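The residues making up each chain are set out below.
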Amino acid sequence: MGRLSILAFVAGVGWLQQQATLPSLAWVGVLPLLLLGAWRLAQGKAAWSSRTAHALILLAAFLSGYDWAAWRAQIRLADALPASWEGRDIQVTGVVASLPQYNERGVRFDFDVEEVSTPDARVPHRIQLFWFNRAADAEEAALLNPARLHAGERWQWVVRLKRPHGTANPHGFDYEAYLLERGIGATGYIRQDPGNFRLKQTVYLPGYLVERMRDDIAQSMRRVLADAPYGGVLIALAIGDQGAIPQAQWRIFTRTGVNHLMSISGLHVTMFSGLMFGLAYWGWRRSARLTQRIPARKVALLAGVLAAMIYTLLTGFAVPAQRTLYMVAAVALAVWSGRITSSTRVLAVALLAVVVLDPWAVLAAGFWLSFGAVAVILYVSNHRLRRRHWLMEAAQIQWAVTLGLVPALLLLFQQVSLVSPLANAVAIPVVSFLVVPLTLLGAFLHLDFLLSLGHGVMGVCMSLLEWLSALPAAVWQQHAPPLWAALAACLGLAWLLAPRGLPARWLGAVAMLPMFALMPVVPAPGTLRATVLDVGQGLAVVLRTSRHALLYDTGPRFSSEVDSGGRIV
């Protein structure tokens, strides 16, 4: 019931995120009564059937998730910019709270507001600002040098803000939800004003110090890898700054199915944690006095958890890294207490921790792909009677993960990489066991030759990935399948990947056919369907007939690498 209750809680959180309006907080008052009733039913199974008690417990868990997400959303939405202060000059003082992201137009960053100097103005605690690079102003252009603006600095600025809003297209990227998840209550830009100046170089608070450390590592790596074509990849692997990777390289990673490696994945966190575990265990057991006080294994467990926590924080606290951190902590706690638990229970605890801390995580594709991949690995690895050779087992796991994520990839992105098994077979060991260790050692120990060596290894790997990406049949693209067809495919995959001995496992492939065979409804012959897309400004219209599709205009261009044609249309 514990694992089912966690899944019910997550389902309640997900259900809230699909609602058009938030419920009244009066739901929170009803919840304790439901929980008490479920507990009483569970205690009195003689009078009530256990199925009834379990059903009410699951319902209470579902409503708990629903109420938790609603309460968190109410709090966050309350910290909003009043409509009357949109587009007006406001003087604010605060701290640069994230890594500055540079492009040819300027720099974008998150800003924590500490004080509002403009009378009667009210500004959310966290806002996102853009500082335009105006080449006509040499002094301001000099201020935009990456060596000038750093995370963790306290500045005073005059800004103009607006409430968050994105495009109104269905099924596209929800920019407003993205800002809400990050706690950003307004966006805007910095005005030219003589009152703009830096007040303090470093604010000594834990969160800002972590961001400043990430910033310093990024600047140091950029100096070493200034002319390196894959320097952005190494920066992303070291500190989780995925914005450092050019869009052209992201397309290669996406087409070859190795984009999960270019962010801080669970494998990287586990490897770093395991390394610290081994070093601590080796060093502690060398001393008889220390071992008598605290067993070496417990000290090593603590070192592994702390290493995973530090690495996760330094890499931006992404969902895959969070999941691994909580799983490592749960395993360490189980071993420390002498209560070894099942791997599925550990995964459920990690799932609960991620959703409780971030109820909006269920909206992220990485959430489903990350937990889905681990669930598939556990499904094909646990409770097997015979262990295969490690190479055969690794190949089986890679094949299972590739198949197991097909429904989610088609549902979320409408494409699947067909060269992913081969690309991952090469990229996973090369990136995880060569590039990442060389990058981390070079970045944290300031050993430039290791960064250069890591870049060279990455260059060899990229040669293969570029060749695979250029293949005409590298990617399968199609329409998004109906939800029921994707769920049926998941059930079919569970049967297909079941252990040997179960009859007719091939029938699992039959359950996947509707996901590919069901075609979207097209206009009837002789009719025209026109769709006007919201691209922010300008016009983009899609005209469809029964046999043709015409796109008129693609909207504006945001930068040399980003335009509305690729981002929206």
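Note that the coordinates shown come from a computational prediction; the quantities given were computed from them, not determined experimentally.

Engineer: Got a minute to help me understand the environment of Cys-490 in this structure?
Structural biologist: Relative to the assigned elements, Cys-490 resides in helix α19 (residues 483-496). Taking the C-alpha atoms as reference points, Cys-490 and Met-512, 22 residues apart in sequence, are found 7.8 Å from one another.

Engineer: I would appreciate a short explanation of the pairing of strand β3 (residues 106-116) in the present structure.
Structural biologist: Sheet faces and side chains relate simply in a regular strand, where the side chains alternate between the two faces. Pairing of strand β1 (residues 89-96) with β3, which is carried by five bridges, proceeds in the antiparallel orientation. Among the inter-strand pairings, Val-95 is bridged to a residue of β3, identified as Asp-112. Two elements, strand β2 (residues 101-103) and β3, share three bridges in a ladder whose sense is antiparallel. Each bridged residue has a counterpart across the sheet, and for Gln-101 the counterpart in β3 is Arg-108. Here β3 pairs with strand β4 (residues 126-132) via seven bridges, running antiparallel. By the bridge assignment, Gly-106 is partnered in β4 with Phe-132.

Engineer: Teacher, can you tell me more about the pairing of strand β5 (residues 154-162) here?
Structural biologist: For β5, the tally of buried residues reaches seven of nine residues, placing the bulk of the element in the interior. Note: β1 against β5, seven bridges, orientation antiparallel. By the bridge assignment, Gln-91 is partnered in β5 with Val-158. Relative to strand β7 (residues 197-200), β5 runs antiparallel, the two sharing three bridges. Bridge pairing in β7 places Gln-156 opposite Phe-197. As defined by bridge partners, β5 adjoins strand β6 (residues 186-190) across four bridges and the pair is classed as antiparallel. Opposite Arg-160, over in β6, you have Tyr-189 as the bridge partner.

Engineer: Explain the pattern of salt bridges to me, please; I cannot follow it from the model alone.
Structural biologist: Should their charged atoms come close, side chains of opposite charge can pair. All chains considered together, the criterion is met by nine salt bridges. Between Asp-110 and Arg-182 there is a salt bridge; the shortest N-O distance is 2.4 Å. Of this pair, Asp-110 sits in strand β3 while Arg-182 sits in the loop between α5 (175-181) and β6; the two residues are 72 residues apart in sequence, bridging distant segments of the chain. You can call Asp-110 buried: its relative accessible area is 4%. Note that Arg-214 and Glu-211 form a salt bridge whose closest N and O atoms lie 3.2 Å from each other. Of the two residues, Arg-214 and Glu-211 are both situated in helix α6 (residues 206-224); the distance of three residues between them amounts to about one turn of the helix. Here Arg-214 matches Glu-211 in class, with each residue buried. Among the charged side chains, a salt-bridge network with shared partners connects Asp-89, Arg-160 and Arg-191.

Engineer: I would appreciate a short explanation of the environment of Leu-22 in the present structure.
Structural biologist: Its place among the elements puts Leu-22 in the loop between α1 (2-17) and α2 (27-43). Sequence-wise, Leu-22 and Trp-71 are 49 residues apart; in three dimensions their C-alpha atoms are separated by 9.0 Å. Once residues within four sequence positions are removed from consideration, Leu-22 is found in contact with Leu-16, Ala-70, Ala-73, Gln-74 and Leu-77.

Engineer: I keep staring at the environment of Ala-353 and nothing clicks. Help me out?
Structural biologist: Here Ala-353 is to be found in helix α13 (residues 343-357). For Ala-353 and Gln-322, which are 31 residues apart along the polypeptide, the C-alpha to C-alpha distance reads 8.7 Å.

Engineer: It is not clear to me how the nonpolar core should be interpreted in this structure. Could you clarify?
Structural biologist: Considering soluble globular proteins, one finds that nonpolar side chains tend to be buried as a cluster. Counting residues in hydrophobic clusters, the biggest one holds 70 residues, and the most contacted among them are Met-221, Phe-253, Met-262, Phe-367 and Met-458. Beyond its immediate sequence surroundings of up to four residues, Met-221 is in contact with Leu-234, Ile-235, Ala-238, Thr-439, Ala-443 and Leu-451. Of all hydrophobic cores here, the second largest spans 21 residues; its members include Trp-85, Phe-109, Leu-149 and Ala-186.

Engineer: What should I look at first to understand unusual backbone geometry in this one?
Structural biologist: Trans peptide bonds make up the majority, and among non-glycine residues the majority have a negative phi. Look at Asp-120: it is not a glycine, yet its phi comes out positive at around 70°. Mapped onto the elements of the fold, Asp-120 is located in the loop between β3 and β4. Phi at Asp-553 is positive, roughly 70°, even though this residue is not glycine. Structurally, Asp-553 can be placed in the loop between β12 (549-552) and α22 (564-567).

Engineer: Please explain the sheet that holds strand β11 (residues 540-544) as it appears in this structure.
Structural biologist: As a general point, the strands of a sheet are linked pairwise by backbone hydrogen bonds and lie either parallel or antiparallel. Taken in spatial order, the three strands line up as β10-β11-β12 in an open sheet, and their pairing is antiparallel. The open sheet is flanked by β10 (529-533) and β12, the only strands paired with a single partner. Put simply, the sheet's adjacent strands are angled 15° from each other on average, direction ignored. Across four bridges, the pairing between β11 and β12 is antiparallel. Note on β12: the bridge partner recorded for Val-542 is Leu-551.

Engineer: Would you mind going over helix α7 (residues 231-239) with me for this structure?
Structural biologist: Think of an α-helix as turning once every 3.6 residues; residues three or four places apart then point the same way. Judged by how many residues are buried, α7 sits mostly within the fold: nine of nine residues are covered. Those residues of α7 that sit buried are Gly-231, Gly-232, Val-233, Leu-234, Ile-235, Ala-236, Leu-237, Ala-238 and Ile-239. At the C-terminal side of α7, Gly-240 shows a positive phi close to 75°.

Cut-offs used in this document
Per chain, the residues get numbers from 1 upward, laid out in the order the sequence is written. A pLDDT threshold of at least 70 governs which residues receive local features in this predicted model, and a stricter bar of 80 or more applies before side-chain atom pairs are shown or counted, although totals over entire chains, interfaces and linings include all residues. Side-chain numbers come from the whole structure's heavy atoms, not from hydrogens or water. Each helix is a run of DSSP H or I of at least 4 residues and each strand a run of E of at least 2, with the numbering of both proceeding from the N terminus. Between any two strands, at least two bridges found by DSSP are needed for them to pair. Burial classification: accessible surface area is computed with a 1.4 Å probe over protein chains only, and a residue below 20% of its type maximum counts as buried, one above 50% as exposed, and the rest as partly exposed. By definition here, a salt bridge exists when the distance from a side-chain nitrogen of Lys or Arg to a carboxyl oxygen of Asp or Glu is within 4 Å. Contact definition: two residues touch when any of their heavy atoms are within 4.5 Å. Nonpolar core, defined: a set of buried Ala, Val, Leu, Ile, Met, Phe, Trp, Tyr and Cys residues in which side-chain atoms within 4.5 Å join the residues together. For helices, the axis comes from a line fit to the C-alpha atoms of the stretch in contact; other axes are also lines fit to C-alpha atoms, and the angle between any two N-to-C directions lies between 0 and 180 degrees.

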